[in-house]
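# Breakdown of the fold
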Amino acid sequence: MRTTGITTAALAAGTVLLLLSGCTARDAEPVPTSAAPVDESSLVAALPDATTEVDEVTWGLVEGEPRTLDPAAEYSFVIPNLCESLLQLQPDFTVEPGLATSAEWVDPTTFVIDLREGVTFWDGTPLTPADVVFSMERNRVESSPWFPAFVLVDTIEQTGDHQVTVSFTAPDSTFRDALSSAAGAVVNAAQAQQAGDAFGTASGDILCTGPYELADWTPGTEIVTTANADYWGGAPLTETLRYVFVPDGTTLTTALLEGEIDGAFNVAPGSRSVFESSDEGRLVLGPSTASFSFGPTRSTGAGANPDIRRALSLAIDREQYVQTVLSGLGAPQKTFTPPFAWDGMEAADQYTDAYAALPDVEFDLEAATALVEESGEDLSVPLVVAIPAGAKELAQTAAIIQAAGAQLGLTVEIDERQPADFTEIFFDPAARESIDFVATAGYLDSPGVLGYAQQFLLPPDLGGFFNWSEYSNEAVTGELQVARTTLDPAASADAFIAAQEVFAPDQLQVTLAGAYHLTFLNDGLTGVTTSVAAYSSPWALHLGAE
Amino acid sequence: MNPRVLAQLARQLGSLALTLFLSSVVIFCAVLLTPGDPVSAFAGGTRPTPDMIAAIRAEHHLDDPVWLQYLHWAGGVLTGDLGTSYVYRTDVVDLIAPRVGITVLLVAYAVVLIAVFGVGSGIVAATRGRIADRAVLMATSIGMALPTFVVAILLIWIFARVLGWFPVYGAGEGFLDQLYHLTLPAISLAVLYIAYLSRITRGAVVSQLHSEHVETARVRGIPRARIFRRHVFLNASPQILAVSGATVAGLFAVSAIAEQAFGIGGLGSLLTEAAARKDVPVVQVISLLLVVVFVVLNAIADVAIAIIDPDSVKPGRTA
């Protein structure tokens, strides 16, 4: 489980979708006002493996140029193809062996990782337990985005020629799945230490074991990676995978439609119709854990009042939201934990049943108005929603919240912030004082149901990093702790579900919709992971020609 | 060389140093005044603890008074250390170097277009009769009204999507391929300035055509073409050159829009991105680079004017 999905995606949105709001799809055919509904069973998690070699594939990164390729410090679609994790996340969100052939609990507080033998880094040096210990320790520092996965870890030690043992202060039901994300990514210890601060940057280097190796990085222009001929899982069929940085969504759309760029993830949903009518490639809709939501930023003001959040939730028509913001490429979602997060887990049926039992999202202005009246809040004080500048979908989201507020007599102001200004919200409490809500797009990069719940509901010292409204409910805290420290999947699920029944109505995040994972790929190419698992696993391993 | 020209050159150098100093102070303060904490640039994907934030602040002197921060930065620059990007953690030089070439090429391409079509259409308007004049006037009115990003969208739509003549994305590899890739971006940059320079040229040429010395030359029976070269265009050129210096420098700043629209990783797009992320060292260095270009190009234009028309250099005049 990863706990910074929201921050990350929010940051990404802030830096990435620049200019989108100005000109999406204006260069293309008109977008229909009502988009065709999507049958969820038709979502595709991965395209069939390629069978034919291809010389070069150009991949567009709408997120822009990565700051670094260090898996401990950045999220980027480049990294999972270079630096692998101990376990490999599959497109359907199940977890399979990766650099580890086995990673299991041998007793309630001891977790043993057996490494795959014969794995080498790109330079031919063998993968050792020391590299694994080094890589995990890098993530086990408080500032790391993956620190939450390691909070219960006591020691990480080499216990054999191909074995690492992790000791815990308490059992941790989330640890194994977390190793399939970048929390379990392994880098070469010697090279990382030698590179120091430059590790992973354009002027430094990086050494990993993945199916592609870093060949060249020209700042501002491209990152070139080439097939790792000695990859333990077999060399990829794509000889050169070139990443180009296209932070302008419109430019990316046009370049994809013209075939100048072969593929990209996270293409603009607003361009759905031009993608669907393209004869150059196809738009693939995949399952995802991504969602759009907004939540309170402080413990005072109307935003901290659950009644006001419930009222705003009731005043927003979710079907309409999905149409307007996502062009139909998503679905309303009942709570912040997205169903795909547990799809591959052992207790999936329990979670699915509990989700089904949650009340449906309703659109009921009368009930909403009544809630606002009962709330006793001073309606003359405007509510401020912060969004990152240039993120088109979030700008629309804020406008929809504003319109919903107006219906209820609430004044909602939109505070569009530049990246540096927006990021500050996430680590500086003073920056949150002048706003009431922050609207974000977030995703979970590995299986697990506890990610959001822990961040939004627990006290800060127990991992409630984004519990800015100071939500506190002893029963919820207790059940979530039990869910985390119970290794039996069914018992852990029971505890989570018990907590969910209590916290769901409080809408610590007003979840507006889940968004599908969007991939555009040139005709003739195949073998790409098209689900949200692409954030964590080598999604281009099977990339090649049909 | 004319001593007055040399004196002019010396004054230009002095004013360059002063301009650089003043603008570096202004830019430094302006970046610090914008909302947002530079710490967020360092934070990136991580979640900095209060201790880490304090460490970052101390390491990069973010808690020092502004003037001390400025001295720190300026001291580095004077000793050849342009600083390290907050966001990319690489030397600013390493970030900028690979981008300079493409932006220079883009601007140079646009300059050629502006010079040829701007001056050309201005001369046509001034000398080829009423209909030509009206046509150029109309075209330049439209050209001046169109913002660069709108031109970019139009060009992409017509020449890339419908006709498929030019690529929509990237800067290309190798000189000819780069020229091919930069054609649409250069046109989108140039349109506004072509229109502007066309108007200036027309005005300058028309005023020369009606001047006394041209009338005299005409009466003396000197051939039209020769009158135009020696008397009209040469005398009109200082005015055109004076505008050109500022225009080219302005192009570097506006290039960000074309770079963004066509997915070109140049200086302009780096500057916009750095400003948004509060990457102070990068903003600072690129901005100063733009100031240098601005001042130097203006100085070159002034020197050129002084050579063509030494009388125009009056004592005490500076850039």
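Residues numbered from 1 in each chain as written. Chains lettered and ligands numbered in written order. Predicted model: local features only at pLDDT ≥ 70, side-chain atom pairs only at ≥ 80, totals over all residues. Heavy atoms only, no water.

### Some remarks on the overall build of chain B
- Across its full length, chain B holds twelve helices and zero strands.
- Counted from the first residue to the last, chain B has its helices and strands arranged as α-α-α-α-α-α-α-α-α-α-α-α.
- Structurally, chain B occupies a C-alpha span of about 85 × 55 × 35 Å along its principal axes.
- Looking at chain B as a whole, 49% of its 319 residues qualify as buried.
- For chain B, long-range pairs separated by at least 24 residues make up 75% of all intrachain contacts whose partners lie at least 6 apart in sequence. (Helix = DSSP H or I, 4+ residues; strand = E, 2+ residues; numbered from the N terminus. Buried < 20%, exposed > 50% of the residue type's maximum accessible area, 1.4 Å probe, protein only. Contact = heavy atoms within 4.5 Å.)

### Some remarks on the packing of helix 18 (residues 474-485) of chain A against helix 19 (residues 489-503) of chain A
Residue and element names in this part refer to chain A.
- Following both chains from N to C, one finds helix 18 and helix 19 inclined at 155°, their axes separated by 8 Å at the closest point. The orientation of helix 18 relative to helix 19 falls into the category roughly antiparallel. For the pair helix 18 and helix 19, the sense of crossing is left-handed. Residue-level inspection shows Val 476, Glu 479, Leu 480, Val 482 and Ala 483 of helix 18 in contact with helix 19, the latter providing Ser 492, Ala 495, Phe 496, Ala 498, Ala 499, Val 502 and Phe 503. (Axes fitted to C-alpha atoms, helices over the stretch in contact; angles between N-to-C directions. Parallel < 35°, antiparallel > 145°, perpendicular 65-115°, else oblique. Left-handed = near helix turned anticlockwise from the far one by under 90°.)

### With respect to the UniProt feature "transmembrane region" (unreviewed entry) in chain B
Residues and elements named next belong to chain B.
- UniProt feature "transmembrane region" (unreviewed entry): in the numbering of this structure it lies at residues 12-33, 100-124, 136-159, 179-197, 240-262 and 282-308.
- Each end of residues 12-33 is marked by a C-alpha atom, and these two atoms are 31 Å apart; helix forms 100% of the span and strand 0%.
- End C-alpha to end C-alpha, residues 240-262 measures 30 Å, and it is 96% helix and 0% strand. (UniProt positions renumbered as here; feature names shortened; annotations may be inferred.)

### Some remarks on the sheet that holds strand 7 (residues 163-168) of chain A
Residues and elements named next belong to chain A.
- Here we have four strands laid out as an open sheet, ordered 4-5-7-6, and antiparallel in their pairing. Pairing within the sheet leaves two strands with one partner each, and these edge strands are strand 4 (100-107) and strand 6 (153-160). Direction aside, the axes of adjacent strands within the sheet are offset by 20° on average.
- When strand 5 (residues 110-115) meets strand 7, the two strands line up antiparallel, connected through five bridges. Along strand 7, the bridge assignment pairs Thr 110 with Ser 167.
- Against the sheet, helix 4 (residues 129-139) contacts strand 5, strand 6 and strand 7, and its axis sits at roughly 170° relative to strand 6. (Pairing = 2+ DSSP bridges.)

### A closer look at the packing of aromatic side chains
All names here are of chain A.
- Tallied over the full model, the rule gives 35 aromatic pairs over all chains.
- Between Trp 105 and Phe 111 the ring centres are 5.1 Å apart and the planes differ by 70°, which places this aromatic pair in the edge-to-face class.
- On the basis of relative accessible area, Trp 105 is assigned to the partly exposed category, the value being 21%.
- Exposure remark for Phe 111: the relative accessible area of 0% places this residue in the buried category.
- When the ring of Phe 168 is compared with that of Phe 175, the centres are 4.8 Å apart and the planes differ by 80°; the resulting orientation is edge-to-face.
- An aromatic cluster is present here, built from Phe 336, Trp 342, Tyr 351, Tyr 355, Phe 422, Phe 426, Tyr 452, Phe 456, Phe 466, Trp 468, Phe 496 and Phe 503 joined pairwise through their rings.
- It is Arg 116 that lies over the ring of Trp 232; its NZ or CZ is 3.8 Å from the centre. (Phe/Tyr/Trp six-rings, centres within 6.5 Å; stacked < 30°, edge-to-face > 60°. Lys NZ or Arg CZ within 6 Å of the ring centre and 35° of its normal.)

### Considering the state of the cysteines
Residues and elements named next belong to chain A.
- Under the criterion given, the structure shown has one disulfide over all chains.
- Covalently, Cys 83 is tied to Cys 208 through a disulfide, its sulfur atoms 2.0 Å apart. Here Cys 83 and Cys 208 share a disulfide; its torsion about the S-S bond, 75°, makes the bridge right-handed. Placement of the pair is Cys 83 in the loop between helix 3 (79-82) and strand 2 (87-89) and Cys 208 in the loop between helix 7 (189-195) and strand 8 (212-218), with a sequence separation of 125 residues. Take Cys 83 and Cys 208: they sit in the same class, and that class is buried. (Disulfide = S-S within 2.5 Å.)

### Thoughts on the UniProt feature "domain: ABC transmembrane type-1" (unreviewed entry) in chain B
- In the numbering used here, UniProt assigns the feature "domain: ABC transmembrane type-1" (unreviewed entry) to residues 100-301 of chain B.
- In this annotation, residues 100-301 of chain B is assigned 86% helix and 0% strand; the end-to-end C-alpha distance for the span is 22 Å.

### Brief notes about the pattern of salt bridges
Residue and element names in this part refer to chain A.
- In total, this model carries 20 salt bridges over all chains according to the counting rule given.
- Across the salt bridge formed by Arg 176 and Glu 104, the nearest N and O atoms sit 3.3 Å from each other. With Arg 176 in helix 6 (residues 175-178) and Glu 104 in strand 4, this pair connects stretches of sequence that are 72 residues apart.
- On the accessibility criterion, Glu 104 (37% relative accessible area) is partly exposed.
- Taken together, the salt bridges that share partners define one network made up of Glu 56, Glu 222 and Arg 242. (Salt bridge = Lys/Arg side-chain N within 4 Å of Asp/Glu carboxyl O.)

### A word on the environment of Phe496(A)
- Examined against the element boundaries, Phe496(A) turns out to sit in helix 19.
- Spatially, the C-alpha atom of Phe496(A) lies 8.9 Å from that of Gln481(A), the residues being 15 residues apart in sequence.

### Examining a positive patch on the surface
Residue and element names in this part refer to chain B.
- There is a patch of like positive charges on the surface, built from Arg 220, Arg 226, Arg 229 and Arg 230.
- Here Arg 229 is to be found in helix 10 (residues 224-261).
- When its relative accessible area of 54% is taken as the criterion, Arg 229 is described as exposed. (Patch = residues over 30% accessible without salt bridge, like charges linked within 9 Å, V, L, I, M, F, W, Y side chains within 5 Å. Areas by Shrake-Rupley, 256 points an atom, 1.4 Å probe, with all protein chains shown as cover. Lys, Arg positive; Asp, Glu negative; His and termini not counted. Charge placed at Lys NZ, Arg CZ, Asp CG, Glu CD.)

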